[in-house]
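One-letter residues, chain by chain:
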Amino acid sequence: MKNDQKIVSTTEAWESRELGADATSAKKVSPEIHRQIDDAMGLQMISIRLSKSLIETFKMLGQIHGVGYQPLMRDALDRFATAEMKSLLSGMAESQKKLKVKAVEPPESPRKPTNGKKAA
């Protein structure tokens with residue numbers, strides 16, 4: 001598309017990336033605004049080493065799903081951590097439940113001697 005052509009601003013144009021997807025549409029924000037955005041979203045920059053093949057896989061998945069690979073990785077890590085915590089907490093709750101059941105069960109009463117007589 002030529003720069004002298006104007007695209008009508010519609011939801012479809014934004015969704016199809018006719019609008020806003022090229023570098024001329026992007027404006028770099030100041031470091032302060034960048035920090036404020038990260039703070040508002042609860043994000044923290046980290047450094048991590050990952051295999052090239054894993055990064056390439058996420059890039060391909062991102063293209064298939066129409067998202068960037070880093071947000072996709074963030075979502076995958078979040079889903080894994082949430083599921084793992086649920087699993088651990090569920091296991092802990094089940095263990096606590098079993099301990100409570102054992103604590104509530106009355107101990108077996110000792111058998112009383114029958115003096116050789118059978119109960120009627």
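Please refer to the structure placed before this passage.
Predicted model only: the values in this text are computed from it and were never measured.

Engineer: Even after reading the chapter, I still don't get the overall build of the protein, so can you show me in this structure?
Structural biologist: Counting its secondary structure elements, the protein contains four helices and zero strands. Helices and strands appear in the protein in the N-to-C order α-α-α-α. Every one of the 120 residues in the protein was classed for burial, and the buried ones make up 7%. Carbon and sulfur atoms make up 58% of the accessible area of the protein, which amounts to about 11900 Å² in all.

Engineer: Explanation requested: unusual backbone geometry in the structure shown.
Structural biologist: What you tend to see is this: most non-glycine residues have negative phi, and most peptide bonds are trans. The residue Arg17 is not glycine, and still its phi comes out positive at about 70°. By the secondary structure assignment, Arg17 is in the loop between α1 (11-15) and α2 (31-41). The class for Arg17 is exposed, based on a relative accessible area of 57%.

Engineer: What should I look at first to understand the packing of aromatic side chains in this one?
Structural biologist: Under the defined criterion, the tally for this structure stands at zero aromatic pairs. Between the NZ or CZ atom of Lys59 and the centre of the ring of Tyr69, over which it lies, the distance is 5.2 Å.

Engineer: Looking at this model, I keep getting lost on the pattern of salt bridges. Mind explaining?
Structural biologist: Pairing between side chains becomes possible if they bear opposite charge and their charged atoms approach one another. Counted under the stated rule, the structure contains four salt bridges. Of the charged contacts in the structure, one is a salt bridge between Asp39 and Arg35, with a shortest N-O distance of 2.5 Å. With Asp39 and Arg35 both in helix α2 and four residues apart, this pair spans about one turn of that helix. The exposure class assigned to Asp39 is partly exposed, which follows from its relative accessible area of 48%. Looking at Arg35, the relative accessible area reads 41%, which means it is partly exposed. Here Asp75 makes a salt bridge to Arg79, at a shortest N to O gap of 3.0 Å. Placement of both Asp75 and Arg79 in helix α4 (residues 69-104) is noted, with a separation of four residues, approximately one turn of the helix. Taking the relative accessible area as the measure of exposure, Asp75 reaches 36% and is therefore partly exposed. Given the relative accessible area of 51%, Arg79 is considered exposed. Put simply, Glu32, Arg35 and Asp39 are held in one network by salt bridges that share partners.

Engineer: Would you explain helix α3 (residues 52-65) in this entry?
Structural biologist: Each full turn of the α-helix corresponds to 3.6 residues, which orients residues three or four apart in the same direction. In a regular helix each residue adds 1.5 Å, so 14 residues correspond to 20 Å; α3 covers 20 Å between its end C-alpha atoms and thus fits that length. Note on α3: the residue one or two positions beyond its end, Gly66, has a positive phi of about 75°.

Engineer: So what exactly am I meant to see when it comes to a nonpolar patch on the surface here?
Structural biologist: Judged by side-chain polarity, Val29, Ile33, Ile37 and Met41 come together as a nonpolar surface patch covering roughly 350 Å² of accessible area. Classification of Met41 by relative accessible area gives exposed; the value is 55%.

Conventions adopted
Residues numbered from 1 in each chain as written. Predicted model: local features only at pLDDT ≥ 70, side-chain atom pairs only at ≥ 80, totals over all residues. Heavy atoms only, no water. Helix = DSSP H or I, 4+ residues; strand = E, 2+ residues; numbered from the N terminus. Buried < 20%, exposed > 50% of the residue type's maximum accessible area, 1.4 Å probe, protein only. Areas by Shrake-Rupley, 256 points an atom, 1.4 Å probe, with all protein chains shown as cover. Phe/Tyr/Trp six-rings, centres within 6.5 Å; stacked < 30°, edge-to-face > 60°. Lys NZ or Arg CZ within 6 Å of the ring centre and 35° of its normal. Salt bridge = Lys/Arg side-chain N within 4 Å of Asp/Glu carboxyl O. Expected span 1.5 Å × (residues − 1). Patch = residues over 30% accessible without salt bridge, like charges linked within 9 Å, V, L, I, M, F, W, Y side chains within 5 Å.

Purely geometric numbers; function is a separate question.
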